[in-house]
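Report on the structure
So the chains spell out like this:
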Amino acid sequence: MLRYCSYIPACVLIFLLQVSCNMKETEAFRPVAIAETALSDTASLWHKAMDGIPYGGKTGAIAVFGGFDETSVLSETLLCADMFDNIDGKNVPDGLPDFSGETVMPVFDIANAPYSGYITMMNENFLREAALKGFLGASSDHCSTSIFDSSLSADKPGAKLFIFSSSILAGYGCQDVEYLLSAAGLDTGVLNTVESAVSYLFSRASQLSNIGVCASRDIIFSGVYGNVFRDVRNPYTDRHSEKYRPWAEAAEIVCLSPEMTGSAMDMVRKFFDSYMAAEYRTSL
């Protein structure tokens, strides 16, 4: 079940960078079956949903998809954050939400979240399917009036920007979304919070340093940060790449889960204590 709610206005966090949508099928990647169904079966529910995705990037909502808690927190942050001057874009608050006038549309995946159980059961393909279904359902400008409505007869805001609120879902599902967008020629923006954060930090490192991740145990156990870090680091370790950095091969991503109690400051201190206790000597 997908539950839709709309809010006005909205803002987008600066550290969530837009992911390129140029994913193509390769030997290492095969899209889930739903992607091919949406592309080729014109009578399918998923093709109808894909047909309702707006094109052009100027109209539509900012859709936030995932479990209830994660989606609620991220949506509220988008609505309330004031990091920039809305007139000139300077990095100073101006008392007005940064994307005032936009629509933030939380889409709560109350059927499948939380997602860590699927990792435990080694059912990653189900996560990929859930991510793609969530994207299609959230991004389309039509939805069902009931579980029996396969014609998507109800109107709702389509999405020009789609954000995974779940780190696990983003790590396993973003490739399929990118593949579908590329194959269908759509220009919907997709924000993968895991890849955005890792690539942002790594691209700005000027010397050997590690990236630290403080997260719950289920997110660390899923391996999404390690997988993304490996992919992000690859061009920096390739001597034939313009991005090559001689120190990149030695850089690591360190995922730790200190006890999630106390204030945010307490948790950061616990993370540093754990990092030093593990005898890391490279700067973070």
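Here, the structure is the one placed above.
Predicted model only: the values in this text are computed from it and were never measured.

It is worth spelling out the packing of helix H1 (residues 33–40) against helix H5 (residues 124–139) at this point. Where H1 contacts H5, the two axes come as close as 9 Å, and the packing angle between them is 35°. Here H1 contributes Ile34, Ala35 and Ala38 to the contact with H5, which in turn contributes Glu129, Leu132, Lys133 and Leu136. Broken down by class, the residue content of the contact of H1 with H5 amounts to five nonpolar, no polar and two charged.

Note that the residue after alanine 113, namely proline 114, is joined by a cis bond; omega there is 0°. Secondary-structure assignment places proline 114 in the loop between strand S3 (104–109) and helix H4 (116–120). Even without a glycine there, the phi angle at leucine 152 is positive, about 50°. Residue position: leucine 152 is located in the loop between strand S4 (142–143) and strand S5 (154–155). You will see that glutamate 279, though not glycine, has its phi angle at about 65°, which is positive. Relative to the assigned elements, glutamate 279 resides in the segment after helix H10 (264–277).

Here the focus is helix H9 (residues 224–237). For an α-helix, the turn length of 3.6 residues means that residues three or four places apart are oriented alike. With 14 residues, H9 extends 20 Å between its outermost C-alpha atoms, agreeing within 8% with the 20 Å of an ideal straight helix rising 1.5 Å per residue. Of the positions making up H9, those classed as buried are Val224, Tyr225, Val228, Phe229, Val232, Arg233 and Tyr236. Its buried side turned inward, H9 meets helix H6 (167–184), helix H7 (193–203), strand S8 (211–214), helix H8 (217–222) and strand S9 (253–256).

Bringing the nonpolar core into the picture now. Of all hydrophobic cores here, the largest spans 54 residues; its most connected members are Leu132, Phe135, Leu136, Phe164 and Phe202. Sorting elements by how many residues they give to this core places H6 first, with nine residues. With near-sequence residues (within four places) excluded, leucine 132 lies in contact with Val32, Ile34, Ala35, Asp176, Val177 and Leu180.

A separate point is the pattern of salt bridges. Within the structure shown, the criterion is met by two salt bridges. Between glutamate 102 and lysine 160 there is a salt bridge, with the nearest N and O atoms lying 3.0 Å from each other. Placement of glutamate 102 in the loop between helix H3 (68–80) and S3 and of lysine 160 in strand S6 (residues 159–164) is noted, with a sequence separation of 58 residues between them. Classification of lysine 160 as buried rests on a relative accessible area of 17%.

The rules we used
- Residues numbered from 1 in each chain as written.
- Predicted model: local features only at pLDDT ≥ 70, side-chain atom pairs only at ≥ 80, totals over all residues.
- Heavy atoms only, no water.
- Axes fitted to C-alpha atoms, helices over the stretch in contact; angles between N-to-C directions.
- Helix = DSSP H or I, 4+ residues; strand = E, 2+ residues; numbered from the N terminus.
- Contact = heavy atoms within 4.5 Å.
- Nonpolar A, V, L, I, M, F, W, Y, C, P; charged D, E, K, R; others polar.
- Expected span 1.5 Å × (residues − 1).
- Buried < 20%, exposed > 50% of the residue type's maximum accessible area, 1.4 Å probe, protein only.
- Core = buried A, V, L, I, M, F, W, Y, C linked by side-chain atoms within 4.5 Å.
- Salt bridge = Lys/Arg side-chain N within 4 Å of Asp/Glu carboxyl O.

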